[in-house]
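Each chain, written out:
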Amino acid sequence: MNELVTGDAVVLGVRPARLPSRALALAIDMVVAWTAYLLVSVGIALAAGSLDEAALMALSIATFLLVLVGGPIAVETLSHGRSLGKLACGLRVVRDDGGPVRFRHALVRGAIGVVEILLSFGVIACIASLVSARGRRVGDVFAGTLVVRERVPVTHPAMVPPPPPWLAGRFAELDLSAVPDDLWLAIRQYLTRMGQLDARVGWSMAERLAGELAARTGAPAPQGIPAGAYLAAVVHERQTRDARRAFGVSPGPVPVPAQGPASAAAPMAFPVPDKATAPAPFQAPSFQASSPAPVPSPASAPSEAGARPATGFAPPA
């Protein structure tokens, strides 16, 4: 994926079209253009049979320029960079800043395409596309355009695991402005794949990422909290701020799992160090209701009273 910077200094992630897809789109366009050219030429030859040879030659040149050169220029201008072949292959011509092409861009591409595509049978265009890092031919370089892929494979990003409920909102005052995007990306990739890593390797990676994050934020990581849980809590805090800034709402609190045998047996699997190499990780405090003191039953009162020592007092007869 190449970086394409717009006029507002916004980096767009696009997929430039490569030679095979561009060659297939060009072949479709050439079949359509040459078919139209032959039909128009036959019609002109039948309608202008009484003209002399010079007039027929002039009509042939005009037909060539209008159909094979002017036709693609008009189609790219009106469709904003999508000819019939590009539409079939999922391609589109855009400017270097990501905007739609105008008439002047299509004109430069079409004029240079006469030499590098029609007269050289596409050899110059193929060599230029192979040499270019973004697959551009000579006409794209002079016109300031780029052919990109519009249909890209859909990928479903992995979900970042939520932090433990007792860490939600704990880092609301943390300054995250100095954390770079590549560090956020590394943390997200670790959190989505930590279940596939070895426990010792996952713990070492979490410690390293937590150290880098703490150095960027200027606040040390809390003692006794697993590094993976700390990273998940900070990522959740950033998502909360982004949602509040974009939509005016927050994603909401972290859902607390229902209490029961199943949830109690499956705690959050954040990697922790071994007991022999590092201190035990912090665990959320659990409160259990203490059993009330036993209350003596009425039946046991006489026996307890009988067991008391004698005081010397005798009730009246």
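Scroll up a little and you will see the structure.
Criteria and cut-off values
Residues numbered from 1 in each chain as written. Predicted model: local features only at pLDDT ≥ 70, side-chain atom pairs only at ≥ 80, totals over all residues. Heavy atoms only, no water. Salt bridge = Lys/Arg side-chain N within 4 Å of Asp/Glu carboxyl O. Helix = DSSP H or I, 4+ residues; strand = E, 2+ residues; numbered from the N terminus. Buried < 20%, exposed > 50% of the residue type's maximum accessible area, 1.4 Å probe, protein only. Phe/Tyr/Trp six-rings, centres within 6.5 Å; stacked < 30°, edge-to-face > 60°. Core = buried A, V, L, I, M, F, W, Y, C linked by side-chain atoms within 4.5 Å. Contact = heavy atoms within 4.5 Å. Expected span 1.5 Å × (residues − 1). Arc of directions from axis to C-beta.

Draft legend 1. Spatial organisation of the pattern of salt bridges. In this structure the tally under the stated criterion is 14 salt bridges. Between Arg137 and Glu116 there is a salt bridge, with its nearest N and O atoms 2.1 Å apart. Of this pair, Arg137 sits in the loop between α5 (123-131) and α6 (138-143) while Glu116 sits in helix α4 (residues 103-119), and the two are 21 residues apart along the sequence. Judged by relative accessible area, which is 2%, Glu116 ranks as buried. The structure contains a network of salt bridges with shared partners spanning Arg22, Glu76, Lys86, Arg109 and Asp140.

Draft legend 2. Fine view of the packing of aromatic side chains. With the rule as written, the count across this model stands at 3 aromatic pairs. Taking the centre distance of 5.5 Å and the plane angle of 90° together, the rings of Trp34 and Tyr37 count as edge-to-face. One end of the pair is Trp34 and the other is Tyr37, both in helix α1 (residues 19-47) and 3 residues apart, which spans about a single turn. Both rings, one in Phe171 and one in Tyr230, keep their centres 5.4 Å apart while their planes meet at 75°; by these two values the pair is edge-to-face.

Draft legend 3. Examining the nonpolar core more closely. Trp184, Ile187, Leu191, Leu213, Tyr230, Leu231 and Val234 are the most contacted members of the largest nonpolar core, which totals 26 residues. For this core, the secondary-structure elements that each account for two or more residues are α7 (181-193), α8 (199-217) and α9 (227-247). In terms of residue count, the dominant contributor to this core is α9 (8 residues). The contacts of Val234, once residues within four sequence positions are left out, are Phe171, Leu174, Leu176, Trp184 and Leu213. If you look at the next biggest cluster of nonpolar residues, it comprises 10 residues, including Met30, Val67, Val69 and Val114.

Draft legend 4. Just α7, in detail. The end-to-end C-alpha distance of α7, which contains 13 residues, comes to 18 Å, matching closely the 18 Å that a straight helix rising 1.5 Å per residue would cover. The complete set of buried residues in α7 reads Leu183, Trp184, Ile187, Tyr190 and Leu191. Axial view of α7: buried residues confined to an arc of 130°, hence all on one face. Away from its buried face, by an angle of more than 90 degrees, α7 presents the exposed residues Asp181 and Asp182. Buried-residue contacts for α7 involve α8 and α9.

Draft legend 5. Seen up close, unusual backbone geometry. Despite not being glycine, His80 has its phi angle at roughly 55°, a positive value. For His80, the position within the fold is in the loop between α2 (53-78) and α3 (84-89). According to the relative accessible area criterion, His80 is partly exposed, its value standing at 34%. Phi angles above zero are rare outside glycine, and Phe121 is one such case at about 55°. As for its placement among the helices and strands, Phe121 is situated in the loop between α4 and α5. Taking the relative accessible area as the measure of exposure, Phe121 reaches 75% and is therefore exposed.

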